[in-house]
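Geometric and topological summary
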Protein chains: 2
Amino acid sequence: MSYVSSLQCSSCLRRYPPNRLLNLCTCGKPLLVRYDLDRIQKSVAPGSFLGRVQSMWRYHELLPVPRLDQAVSLGEGFTPLIEAARLARAIGLAKLWIKDESVNPTASFKARGLSAAVSMARLLRAQILTIPSAGNAAGALAAYAARAGMEAHIFMPRDVPPSNRIECEQSGAHVTLVDGLITDCGAIVAEKSRTEGWFDVSTLKEPYRIEGKKTLGLELAEQLGWRLPDVIIYPTGGGTGLIGMWKAFEEMEALGWIDSRRPRMVSVQAAGCAPIVEAFHAGKREADPWPDAGTIASGLRVPRAIGDFLMLDILRSSRGAAIAVSDDEMRRDVGLIARSEGLFVSPEGAATLSGARKLLESGFLSPQDEVVLFNTGSGLKYLHLFS
Amino acid sequence: MSYVSSLQCSSCLRRYPPNRLLNLCTCGKPLLVRYDLDRIQKSVAPGSFLGRVQSMWRYHELLPVPRLDQAVSLGEGFTPLIEAARLARAIGLAKLWIKDESVNPTASFKARGLSAAVSMARLLRAQILTIPSAGNAAGALAAYAARAGMEAHIFMPRDVPPSNRIECEQSGAHVTLVDGLITDCGAIVAEKSRTEGWFDVSTLKEPYRIEGKKTLGLELAEQLGWRLPDVIIYPTGGGTGLIGMWKAFEEMEALGWIDSRRPRMVSVQAAGCAPIVEAFHAGKREADPWPDAGTIASGLRVPRAIGDFLMLDILRSSRGAAIAVSDDEMRRDVGLIARSEGLFVSPEGAATLSGARKLLESGFLSPQDEVVLFNTGSGLKYLHLFS
């Protein structure tokens, strides 16, 4: 039995009944899943999760699928939160954690969102799924669609990492390489969903990927003993993880599982594609599209994100920050993290360390802050950057 | 407090006190860790593990490190056991599981053994570690040595997968590429350990990697509710996982956690390097070195294994089998597993499916058997095989 009460627009607040296959609100903004939190509170408490299934589905009352056996799962989530003491000393922090999302199925954090989205798409009888992707979301959709026995049509930039193309092809997805960026792919997907009736699982254009990503926040709280760190540093492309974690924090506070204190939320972007950083510093409510986006961190090559206004709200209300780092800094910090802790991270993951260094220099971070970095994927998906 | 009572030779049964840095027995055969099982039985029971740390260290009483905080860990082990219903139907089995080792740190099962070995090497004050490797063990040693702050010297075949070389270099290991196979690398490592005093962590030449691998068997029992499947199909290079699982089964039976029934154990090798298969069918107690070993499954390119006699004993006493499959069969089954279940497996992992098909044809497997396949690593480490 699902605890979902409605879908609600993140902007105009209009509500929709659940159990229908929906994309955006009629106003064009993302829909968010709302739960009957009173009923959840009567059913589960923080202690309930101990000994449950070792995946994000351990929090199934706070996820949209009515029954656990309806989840399309490969064991995603409940990834390790690794204390990085050597790295902390190297950069001058007392307490540093890395949430290691590389050990997800498909070797990236995208597994969470697509596990949730494909589960609901199957349940609500979508037939054919389609997605625009900078790379890792494509690999995850291909895998979960295969697991669900569904057809997937994937649109990626032509210069996507070879790992992403190969993983999609092996899983039997239909792959189209596009001369352009994820936003160009998104336009094709929107057109195809109109003309072919395919269901568009673009992040925040369907309501469930963010629910999967939300579990990052639930896990962080459980793994830290139902408290949160001082600062979270997150590499931001579409930003669904940032928005999802914040949603999780609000739900956990409403349930009485955590108090009202929040981490300062930091968005890290690539110098070659930093629309959120630019908008944050310019005091804008929404971000302008970034022209000529380019970075080795393919997951950060997102010139325009539909959830920009939600991200900017969170960064500001948490007294957080937004910071851009260069490709050279990311490359350097892939190496530093590997040599210090044995984790071969993605350039997006390394970007969070590059950001932390700069924020220590600027005084935004103090050496006493407890900081969590998110490594969103495995360096093994970026072998083309190394030789 | 450690429950280790002694190290015992697997062949001549001579015993050694624990807490010394040891390689082989004086007779030249592998040493195995023996525990005070009576004392363990008084401390833990199957129900004790529920809610413990989500890594192989949840079984720390059955592992050699005295205190949990002495483990050099990146969250290895406790990987998902995935029911593969679609794949089962495709090949004609009623119940098929895949133990997915690709979601370990360093994306392979080698993380388990090296986490245990590096933990003990650090504890027993080894200074510098060295290893011969077909690829994935090297990546794991590089990572755990970095995590432990130790120096690692790695010797691999020159034509090792690029992923393995890159992951080692990023983690700061000293990498030497050798014109030859893992056995040639092993000869260099043996020489270096004599002349330089480096500690040799070759599998089964030090006693703790097998303890890490043993947790595969503990997890299988816990994940199936403290029972075992009918058949285990395992891709066999050095064979440490096979030997380790069997050791776990014996320890669990002595503890009263499982009964005396055992799975039939199946070793799958590559047609281009099948010394165990050859010896099994020839009725030999040990295997002859395989000449001109060659296969795309780099982890199976092990022409001679020091634990050959242990593997052959297990295959026979479990009424198991040994079977060789071709590189083409592995390539085909990488695709079939990805399209059926969304798992992008290594060629070694795919080999277990190729083996299962043949064993169904031969009648060794019946459609009613409950079978577990081991996917030992991620297909992402073998991108060079796909284009």
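Structure first, text after, so check above.
Residues numbered from 1 in each chain as written. Chains lettered and ligands numbered in written order. Predicted model: local features only at pLDDT ≥ 70, side-chain atom pairs only at ≥ 80, totals over all residues. Heavy atoms only, no water.

**So, helix 11 (residues 327-341) of chain A**
This is how it is decided: In this description a helix means any DSSP run of H or I spanning at least four residues, a strand means any run of E spanning at least two, and both kinds are numbered starting from the N terminus. To estimate the expected span of a helix, count its residues, drop one, and scale the result by 1.5 Å. Burial status follows relative accessibility: with a 1.4 Å probe on protein chains alone, a residue under 20% of its type maximum counts as buried, one over 50% as exposed, and anything between as partly exposed.
The terminal C-alpha atoms of helix 11 of chain A, which comprises 15 residues, lie 21 Å apart, in line with the 21 Å expected from a rise of 1.5 Å per residue. Every buried residue of helix 11 of chain A is listed here: Glu329, Met330, Asp333, Val334, Gly335, Leu336, Ile337, Ala338, Ser340 and Glu341 of chain A.

**Side note on the relation of the copies chain B and chain A**
Selection criterion: Copy-to-copy superposition: least squares on the C-alpha atoms, limited to residues that have pLDDT of at least 70 in both copies. Here, residues are in contact when the closest pair of their heavy atoms is within 4.5 Å.
When chain B is brought onto chain A, the operation consists of a screw motion whose angular component is 180 degrees and whose axial shift is 0.0 Å, with 0.0 Å RMSD remaining. What the rotation and shift describe, once combined, is the action of a two-fold rotation axis. Taken as a fraction of all interface residues of chain B, those also at the interface in chain A reach 100%, which identifies the copy contact as same-surface.

**A word on helix 8 (residues 240-254) of chain B**
Residue and element names in this part refer to chain B. If you check helix 8, its first and last C-alpha atoms are 21 Å apart, about what 15 residues at 1.5 Å a residue would give, namely 21 Å. The element helix 8 is extensively covered by neighbouring structure, given that 12 of its 15 residues are classed as buried. All of the buried residues along helix 8 are Thr240, Gly241, Leu242, Ile243, Gly244, Met245, Trp246, Lys247, Ala248, Phe249, Glu251 and Met252.

**Brief notes about the sheet that holds strand 9 (residues 199-200) of chain A**
Residues and elements named next belong to chain A. Stated precisely, the cut-off is as follows: DSSP-based pairing: two strands are paired if at least 2 bridges between them are found.
One open sheet holds the four strands; their spatial order is 8-7-6-9, and the pairing between them is parallel. Edge strands, defined here as strands with exactly one partner in the open sheet, are strand 8 (174-178) and strand 9. Across five bridges, the pairing between strand 6 (residues 128-132) and strand 7 (residues 151-157) is parallel. Bridge assignment links Ile128 to a residue of strand 7, and that residue is Glu151.

**Structural notes on the sheet that holds strand 12 (residues 321-325) of chain A**
Residue and element names in this part refer to chain A. So the rule is basically this: Here an angle of 0 to 180 degrees is reported between the N-to-C directions of two axes, which are lines fitted to C-alpha atoms, with helices fitted over the stretch in contact.
Ordered by their spatial adjacency, six strands build an open sheet running 4-5-13-10-11-12, and the pairing between neighbours is mixed. Looking along the sheet, the strands with just one partner apiece sit at the ends: strand 4 (81-83) and strand 12. Each strand of the sheet is rotated relative to its neighbour by a mean of 25 degrees, with strand direction disregarded. With three bridges joining them, strand 4 and strand 5 (residues 95-100) adopt antiparallel strand pairing. Paired with Glu83 across the bridge in strand 5 is Trp97. Helix-sheet contacts for helix 11 involve strand 4, strand 5, strand 11 (264-270) and strand 12, and the interaxial angle to strand 12 is about 95 degrees.

**What to know about the pattern of salt bridges**
Condition: We define a salt bridge as a side-chain nitrogen of Lys or Arg found within 4 Å of a carboxyl oxygen belonging to Asp or Glu.
If you walk through the whole model with that rule in mind, you get 58 salt bridges over all chains. The salt bridge involving Asp288 of chain A is made with Lys284 of chain A; its shortest N-O contact spans 2.7 Å. Lys284 of chain A gets classed as partly exposed once you look at its relative accessible area, which sits at 27%. The closest approach of N and O atoms between Glu341 of chain A and Arg147 of chain B, which form a salt bridge, is 2.6 Å. Of this pair, Glu341 of chain A sits in helix 11 while Arg147 of chain B sits in helix 4 (residues 136-148), which puts the two residues in different chains. For Arg147 of chain B, a relative accessible area of 17% translates into the label buried. What you see here is one network of salt bridges that share partners, running through Lys99, Glu101, Arg112 and Glu219 of chain A.

**Some remarks on empty space enclosed by the protein**
Counted only if it meets this: Only protein atoms enter the calculation, which uses a 1 Å grid: trapped sets of points that fit a 1.4 Å probe without letting it out are cavities, open sets showing protein on both sides within 12 Å along at least five of seven lines are pockets, and any residue with an atom within 4 Å of a point is a lining residue. Grid points are joined across faces, edges and corners, and a volume is the space filled by probe spheres set on the points. All residues other than Ala, Val, Leu, Ile, Met, Phe, Trp, Tyr, Cys, Pro, Asp, Glu, Lys and Arg, Gly among them, are scored as polar; the first ten of these are nonpolar and the last four charged.
Throughout the structure, instances matching the rule amount to three cavities of 30 Å³ or more. In terms of lining residues, the largest cavity is bounded by 33 residues, among which Ser102, Ala107 and Ser378 of chain A together with Ser102 and Ala107 of chain B are the most central. Looking at the lining of the largest cavity residue by residue, the classes come out as 15 nonpolar, 14 polar and four charged. Its volume calculated, the second largest cavity comes out at about 40 Å³. Taken together, Gly237, Pro275, Ile276, Ala287, Val302, Pro303, Arg304, Ala305 and Asp308 of chain A make up the full set of residues lining the second largest cavity.

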